[in-house]
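Breakdown of the fold
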Amino acid sequence: MEIVVDDRAPQRAAEVIALRVLRNPRLILGLATGRTMQPVYAELITLFIRGEVSFRDVRTVNLDEYVGLGVEHAGSFAREMSERFFRHVDIDPANTHLPNGAAADADTEADRFEHLISRLGGIDLQLLGIGRSGHIGFNEPPSALHSRTRVVTLTPTTRRQNAAAFGGDPARVPERAITMGVATIMDSRELLVVATGAAKADVVAAAVEGPVTTMVSASAVQGHPRCLLIVDEAAARGLNRRRS
Ligand code: GLP
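Scope of this entry: the structure provided in the associated data block. No experiment lies behind these values; they were computed from the predicted model shown.

Definitions and cut-offs
Residues numbered from 1 in each chain as written. Predicted model: local features only at pLDDT ≥ 70, side-chain atom pairs only at ≥ 80, totals over all residues. Heavy atoms only, no water. Near = heavy atom within 4 Å. Polar contact = N/O pair within 3.5 Å; in protein donor to acceptor, adjacent residues only side chain to side chain. Areas by Shrake-Rupley, 256 points an atom, 1.4 Å probe, with all protein chains shown as cover. 1 Å grid on protein atoms, 1.4 Å probe; cavity = no way out; pocket = protein on both sides within 12 Å on 5 of 7 lines; lining within 4 Å. Points joined across faces, edges and corners; volume = space filled by probe spheres on them. Helix = DSSP H or I, 4+ residues; strand = E, 2+ residues; numbered from the N terminus. Nonpolar A, V, L, I, M, F, W, Y, C, P; charged D, E, K, R; others polar. Pairing = 2+ DSSP bridges. Contact = heavy atoms within 4.5 Å. Axes fitted to C-alpha atoms, helices over the stretch in contact; angles between N-to-C directions. Buried < 20%, exposed > 50% of the residue type's maximum accessible area, 1.4 Å probe, protein only.

Taken together, 15 residues lie around the ligand, and R35, T36, D64, F138 and K200 are the ones closest in. A distance of 2.4 Å is found between an oxygen atom of the ligand and a side-chain nitrogen or oxygen belonging to T36. A distance of 2.6 Å separates an oxygen atom of the ligand from a polar side-chain atom of K200. When the ligand is considered free in solution it has 390 Å² of accessible area, and contact with the protein chains removes 96% of it.

Pasting the structure below:
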């Protein structure tokens with residue numbers, strides 16, 4: 001794992017994504033939601049407006065979506081992606097893929113999504129945040145390291161963490177989600193993990209220096225041959241070994 005500590009972490013992450021797109025305009029790009037990613041997308045939009053990158057031929061797949069929520073729901077990740085990124089750049093909406101939270105059968109939808117990733121030829125670069133419960137995607141503890149895209153039950157910690165998009169009420173956050181599995185994520189040819197802020201220091205330390213365990217699905221990335229972790233100073237505070 002390569003570790004970069006930089007207070008411009010989101011901008012650095014956006015620059016990495018833009019470089020990969022420049023090298024391969026038809027990149028299969030795995031995307032993530034959450035507050036950490038908001039400045040990453042803002043920077044990508046800036047780079048697009050400046051003419052430094054185009055997403056015209058990029059295909060995207062997102063990590064996860066809440067069960068029961070379609071794009072019309074303000075709390076859905078589909079809506080978040082559209083509002084924070086897709087509609088500001090030249091990406092073809094037909095090339096953007098999220099699990100359909102509104103599908104009649106969530107298990108079937110999870111299988112469809114896993115097959116879609118295979119049909120696209122696998123993910124070239126997967127962007128990842130880390131949740132307070134140590135998750136990547138919505139791979140809550142315990143999540144098998146061999147898990148594939150599936151329906152999961154969210155922990156109370158995660159529902160509290162994500163309550164802001166639901167009027168601040170954790171009870172209104174859906175109880176279940178469809179998430180790429182840990183193994184699905186690990187099959188990506190490259191991982192780009194981003195974490196910012198003091199609240200992430202403990203989970204970053206656990207993910208990077210702790211044991212690889214189903215209880216912290218982010219720890220799985222230790223085994224990836226091509227993983228770049230970009231953190232700011234506050235999120236790096238718990239790390240013993242640091243390189244910058
Ligand atoms: C959500 C997403 C994760 C994300 C995590 C961190 O639960 N499913 O993919 O990494 O939150 O969120 P934030 O960046 O808001 O801290």
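We now examine empty space enclosed by the protein. In total, this model carries one cavity of 30 Å³ or more according to the counting rule given. One number sums up the size of the largest cavity: a volume of about 50 Å³. M1, I130, I136, V193, A207, V208, A218, V221, C227 and L229 together form the lining of the largest cavity. At the level of secondary structure, the elements contributing two or more residues to the lining of the largest cavity comprise helix 7 (201-209) and strand 10 (227-231). Its residues assigned to classes, the lining of the largest cavity comprises ten nonpolar, no polar and no charged.

Our focus in this paragraph is the layout of surface pockets. Approximately 720 Å³ is the volume found for the largest pocket. Contributing to the lining of the largest pocket are 34 residues, with T33, G34, R35, E80 and N162 lying nearest its centre. Contributing elements (two or more residues each) for the lining of the largest pocket: strand 4 (64-66) and helix 3 (77-84). The biggest single contributor to the lining of the largest pocket is helix 3, with five residues. Among the residues forming the lining of the largest pocket, the class breakdown is twelve nonpolar, 14 polar and eight charged.

Turning our attention to the sheet that holds strand 2 (residues 28-31). Sheets are built from strands that pair by backbone hydrogen bonding, the pairs being arranged parallel or antiparallel. Read from one edge to the other, the open sheet built from seven strands follows the order 1-10-9-6-2-3-5, with strand pairing classed as parallel. Since the sheet does not close on itself, it has two edges, and those belong to strand 1 (2-5) and strand 5 (96-97), each with one partner. Sheet strands touched by helix 1 (residues 9-23): strand 1, strand 2, strand 6 (125-128), strand 9 (191-195) and strand 10. Its angle to strand 10, the strand with the most contacts, is close to 150°. Taken strand by strand, helix 4 (residues 106-120) contacts strand 2, strand 3 (59-62) and strand 5, and its axis lies near 150° from that of strand 3.

Take the environment of I91 next. Along the chain, I91 falls in the loop between helix 3 and strand 5. Sequence-wise, I91 and V58 are 33 residues apart; in three dimensions their C-alpha atoms are separated by 6.8 Å. Aside from chain neighbours lying at most four places away, what touches I91 is F55, V58, T60, F86 and T96.

Within the fold, D107 resides in helix 4. For D107, a relative accessible area of 49% translates into the label partly exposed.

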